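Next come the chains, spelled out residue by residue.
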Amino acid sequence: MKALGPKLIFVFLASGLFACSDKMEAHLEKYADPKTDQPKELPPPADVYSLSDSKEVADRIHAMTFDEVAQRLGAHRYQGKVDFTFIRDKERVQLKESALIVLAHNGDFRVKVDNKGDQGYEMVYSGGELFVRNRYSPYHKRSQLDGLHTKWRNKAYDAWGSIYRLFRGGLHFAKQGLTRHHGRDGLAFRIGLAAEGPHLSGIPEPVKVPKGVTEFVYPIQPTPAAQDHWRDKAVAQSAEGRLVVDADNGCILFVEFSGKLAWQDEQGETLRLTVRANINADGFGNPPSIPAPEADQIEPLPERIAVDTRPLDPFYGKGYTARLGAPAGVAATRANDKKDKKSGGSPSKP
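Residues numbered from 1 in each chain as written. Predicted model: local features only at pLDDT ≥ 70, side-chain atom pairs only at ≥ 80, totals over all residues. Heavy atoms only, no water.

Trainee: Which residues make up the overall build of the protein chain, and what values do they have?
Mentor: Looking only at helices and strands, the protein chain has eight helices and 11 strands in total. Looking at the protein chain as a whole, 35% of its 350 residues are labelled buried. Accessible area of the protein chain: about 22,400 Å², with a carbon and sulfur share of 53%. (Helix = DSSP H or I, 4+ residues; strand = E, 2+ residues; numbered from the N terminus. Buried < 20%, exposed > 50% of the residue type's maximum accessible area, 1.4 Å probe, protein only. Areas by Shrake-Rupley, 256 points an atom, 1.4 Å probe, with all protein chains shown as cover.)

Trainee: Give a detailed account of the pairing of strand β3 (residues 109-115), specifying residues and quantitative values.
Mentor: Pairing between strand β2 (residues 91-103) and β3: seven bridges, direction antiparallel. Pairing of I101 across the sheet is with V111, part of β3. Between β2 and β3, which pair antiparallel one after the other, the connecting turn spans five residues, and G107 there sits at a positive phi close to 100°. Direction of pairing for β3 relative to strand β4 (residues 120-126): antiparallel, over a ladder of six bridges. Among the inter-strand pairings, R110 is bridged to a residue of β4, identified as V124. Remark: four residues form the turn of the hairpin made by β3 and β4, two consecutive strands paired antiparallel; D118 in that turn has positive phi of roughly 60°. (Pairing = 2+ DSSP bridges.)

Trainee: Hey, could you go over the side chain of D114 for me, with residue numbers and the actual values?
Mentor: Secondary-structure assignment places D114 in strand β3. Of the residues examined, D114 reaches a relative accessible area of 16% and is grouped as buried. In terms of polar contacts, D114 uses its side chain to reach the side chain of R135, at 3.5 Å. (Polar contact = N/O pair within 3.5 Å; in protein donor to acceptor, adjacent residues only side chain to side chain.)

Trainee: Go over the packing of aromatic side chains with me, naming the residues and quoting the values.
Mentor: Counting across every chain of the model gives nine aromatic pairs. Seen in terms of ring centroids, Y78 and Y157 are 4.9 Å apart; in terms of plane orientation they differ by 55°. Their pairing is tilted. One end of the pair, Y78, is in strand β1 (residues 76-88); the other, Y157, is in helix α4 (residues 148-157), with 79 residues separating them in the sequence. Overall, Y78 belongs to the buried group, its relative accessible area being 3%. Residue classification places Y157 among the buried residues on the basis of a relative accessible area of 11%. (Phe/Tyr/Trp six-rings, centres within 6.5 Å; stacked < 30°, edge-to-face > 60°.)

Trainee: Break down a positive patch on the surface for me, citing the residues and quoting the values.
Mentor: Taken together, the side chains of K96, K116, K260, R272 and R276 present a region of like positive charge at the surface. Tracing the sequence through the fold places K260 in strand β10 (residues 252-264). For K260, a relative accessible area of 44% gives the class partly exposed. (Patch = residues over 30% accessible without salt bridge, like charges linked within 9 Å, V, L, I, M, F, W, Y side chains within 5 Å. Salt bridge = Lys/Arg side-chain N within 4 Å of Asp/Glu carboxyl O. Lys, Arg positive; Asp, Glu negative; His and termini not counted. Charge placed at Lys NZ, Arg CZ, Asp CG, Glu CD.)

Trainee: Residue-level account of helix α2 (residues 55-62), with values.
Mentor: Among all positions of α2, only V57, A58, I61 and H62 are buried. Projected down its long axis, α2 carries its buried residues within an arc of 120°, all on one side. Tucked inside the fold, the buried residues of α2 contact α5 (159-166), β7 (171-181), β9 (235-246) and β10. (Arc of directions from axis to C-beta. Contact = heavy atoms within 4.5 Å.)

This is the structure in structure tokens:
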């Protein structure tokens, strides 16, 4: 880090899931703070009975993360299914996604996400160890020091929260009375469109540059939503469903929802979006723990070889690099040399 100079450099990379190197993980372990995994002290729960009348209470309940849900509900199972269908003229694009989160009494958890595109991932956190795999791949043991396992768990849980933000909070929740949901006391609501319309902004504010940082700041590339402002243009056409919220701690226990939005793009064409969601929490108090994957399902991470793809170094010539390791061609030649030595032949020439 000394080579970076006295100023801090902030670089945000959209890398793959849990893609930090083994060397970085080993470095972090030296400075790991055992207190970072301790649960944070929570504020008093929201007043569920005022959900029909208070936008602040509605925003707080629907923005709750699974980290908070885990502390308030304890061990349980969460299942969520969402269906988004975009329609323009005769074109139709559909996304279906399902998420499963099982939280154990001892803090272990399992997350499984699948979608219509035949993509997904699975995480198992058992006994302080984290195992991750893509949908059809073996498990790989990973470090949890970066906290990405809980961040992706929050993302898997955020299906209903994202729909609430998509409608920009323009939903009304009519109280229907107390109910029982898998042994817990809940308050049921009927979901409809709010007469006063939405109150949340569709486009989130861009990331602000930290105070005092003036160099090495890259321009923010706007997303399609920020370029077209379609989230701000989208007008809710319909919304109906049923919501059950835990009466004691304000956690969402059940959602059954369908709604439609419409807007015009830059060319004046009308686009429509149909949204459906089915959310359910059950199995409260179980399981006591979650076992790690079987040994035959776990494989070590593939070896990562740092190479420089530049064939020439401007100062030292072919075969030399300043910092990034051997060039790809030289690395391949060295591998051939090893084979030749084993076979008794002469080394290969570059």
